[in-house]
2 protein chains.
Amino acid sequence: MATADGSAGLRTGEVAEQAGVNIQTLRYYERRGLLAAPARTIGGHRVYPADTVALLGVIKTAQRLGFTLDEVAELLETSRRRHPTPDLRQRATDKLAEIDAKIADLTAMRAALADVVAARCDSLTNCTCADCPFPFIDISHLTEGSP
Amino acid sequence: MATADGSAGLRTGEVAEQAGVNIQTLRYYERRGLLAAPARTIGGHRVYPADTVALLGVIKTAQRLGFTLDEVAELLETSRRRHPTPDLRQRATDKLAEIDAKIADLTAMRAALADVVAARCDSLTNCTCADCPFPFIDISHLTEGSP
DNA sequence: GGTAAGCCTGTACCCAGGTACCGAATGCAA
DNA sequence: TTGCATTCGGTACCTGGGTACAGGCTTACC
């Protein structure tokens with residue numbers, strides 16, 4: 001079996017193994033619109049193009065970095081349709097702000113945790129050590145609203 | 001009604017409102033071990049110590065920054081028991097590494113997104129613009145394994 | 001003491017993101 | 001051609017983190 005681009009196709013199990021995901025997850029992503037419905041053998045078995053593995057890598061990465069599956073699906077859908085809308089750019093810009101906020105939060109948390117470690121703090125709420133940095137300095141007062 | 005430390009107690013609705021959480025969430029956190037079972041009125045209504053609101057702030061912040069409720073619960077439980085184990089310090093150290101990894105991922109993603117914006121890229125997978133930074137440069141090759 | 005607001009328990013449900021299991025059909029190699 | 005591994009579709013279930021009732025009791029205030 002060969003695909004449009006001439007490369008050999010992959011079966012479900014091969015894709016799943018190479019991408020490190022569950023087979024069920026592939027079908028789930030297909031239902032969710034993240035993976036286009038692949039070609040089929042005469043018998044009905046899926047035959048994926050070889051770059052599906054890379055695509056799954058993109059999906060997993062985007063997801064791990066805070067995009068929901070719906071967001072990824074939309075982004076990919078927009079990509080597939082190829083109308084050169086400023087959509088991706090706009091979304092990327094929006095996401096950039098979100099990511100900056102997350103980085104800021106994480107950086108603040110990092111600092112607080114580093115203080116905890118440095119202060120040899122032993123409790124989150126009742127620490128007996130002097131100069132306890134936890135938890136009422138800045139931990140409670142970080143930016144709200146990007147849960 | 002007064003609490004052990006002499007401050008006035010708060011009712012469920014007051015705590016929920018001040019902390020910006022749902023009333024049901026308070027009971028949920030109690031079941032999950034994040035909030036200690038509070039005192040009760042004779043009639044059975046919960047009476048929370050005043051610092052519960054701050055505690056909820058800590059919980060929400062920790063959660064938003066990547067700690068699961070179970071992790072927060074364990075941390076708080078350890079705190080309550082007061083045996084000065086190096087537990088918090090150890091966990092904080094571990095979490096520090098996790099947070100550093102996340103920051104690194106986010107920073108990489110930020111850079112990629114910034115490139116997308118700068119390059120006026122219009123597609124996630126088939127971008128026609130020259131110098132397309134998306135998605136097969138570093139997006140797919142970030143650190144795996146802290147989903 | 002009446003009454004409305006607030007709270008009680010219990011159970012059920014929601015969303016996201018998957019996983020597991022079923023019995024039947026297919027693929028492939030010996 | 002036989003036989004075992006894979007895959008099929010469908011449906012049910014799982015975890016995490018909550019939310020939403022229902023039906024009854026308690027508090028607060030006039």
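Cut-off values and rules
- Counting of residues starts from 1 at the beginning of each chain's written sequence and follows it residue by residue.
- By the order in which they are written, chains take letters starting at A while ligands take numbers starting at 1.
- Owing to the predicted nature of the model, reporting of local features is limited to residues with pLDDT of at least 70; listing and counting of side-chain atom pairs is limited to 80 or more, with chain, interface and lining totals taken over all residues.
- Water and hydrogen atoms play no part in the side-chain values, which are based on all heavy atoms of the structure.
- Each helix is a run of DSSP H or I of at least 4 residues and each strand a run of E of at least 2, with the numbering of both proceeding from the N terminus.
- Here's how the labels work: a residue is buried when its accessible area is under 20% of the maximum for its type, exposed when over 50%, partly exposed in between, all with a 1.4 Å probe on protein chains only.
- Residue contacts are counted whenever heavy atoms from the two residues lie within 4.5 Å of one another.
- For accessible areas, the Shrake-Rupley method is used with a probe of radius 1.4 Å. Any residue's cover is judged against the shown protein chains and nothing else.
- Being paired, for any two strands, means DSSP has found at least two bridges between them.
- We call a residue near a molecule or strand when any one of its heavy atoms sits within 4 Å of it.
- The term polar contact refers here to a pair of N or O atoms within 3.5 Å; inside protein, the definition further demands a hydrogen-donor-capable atom paired with an acceptor-capable atom, and it admits residues adjacent in sequence only when both atoms are side-chain atoms.

(A) View of the overall build of chain A. Tallying secondary structure elements over chain A gives five helices and three strands in all. Listing every helix and strand of chain A by position from the N terminus yields β-α-α-β-β-α-α-α. Counting every position in chain A, which comprises 147 residues, the buried fraction comes to 40%. Long-range contacts, defined here as pairs at least 24 residues apart, represent 48% of the contacts in chain A between residues at least 6 apart. For chain A, the exposed surface amounts to about 7800 Å²; the carbon and sulfur share of it is 53%.

(B) A look at the sheet that holds strand S1 (residues 10-11) of chain A. Residue and element names in this part refer to chain A. Taken together, three strands build an open sheet; the order of strands is S1-S3-S2 and the sheet is antiparallel. Edge positions in the sheet fall to S1 and strand S2 (39-40), since each has one partner strand and no second. Pairing of S1 with strand S3 (residues 46-48), which is carried by two bridges, proceeds in the antiparallel orientation. Counterpart to Leu10 in the pairing with S3 is Tyr48.

(C) Structural context of the protein's contact with DNA strand D. Taken together, 23 residues lie around DNA strand D, and Arg40 and Arg46 of chain A together with Thr25, Thr41 and Gln63 of chain B are the ones closest in. Per the 4 Å cut-off to the protein, sugar and phosphate atoms form 70% of the nearby atoms of DNA strand D. Looking at the surface near DNA strand D, the elements that each hand over two or more residues are helix H1 (12-19) and helix H2 (23-32) of chain A together with helix H2 (23-32) and helix H3 (52-64) of chain B. The greatest single-element share of the surface near DNA strand D, amounting to five residues, is contributed by H2 of chain B.

(D) Representation of the protein's contact with DNA strand C in the model. Close contacts around DNA strand C come from 22 residues, with Thr25, Thr41 and Gln63 of chain A together with Arg27 and Arg46 of chain B the closest. The share of sugar and phosphate among atoms of DNA strand C within 4 Å of the protein is 71%. A distance of 3.4 Å separates a phosphate oxygen of DNA strand C from a polar atom in the side chain of Arg32 of chain A. Contact distances for DNA strand C include 2.7 Å between a phosphate oxygen and a backbone N or O atom of Arg46 of chain B. Where the surface near DNA strand C is concerned, the elements lending two or more residues are H2 and helix H3 (52-64) of chain A together with helix H1 (12-19) and H2 of chain B.

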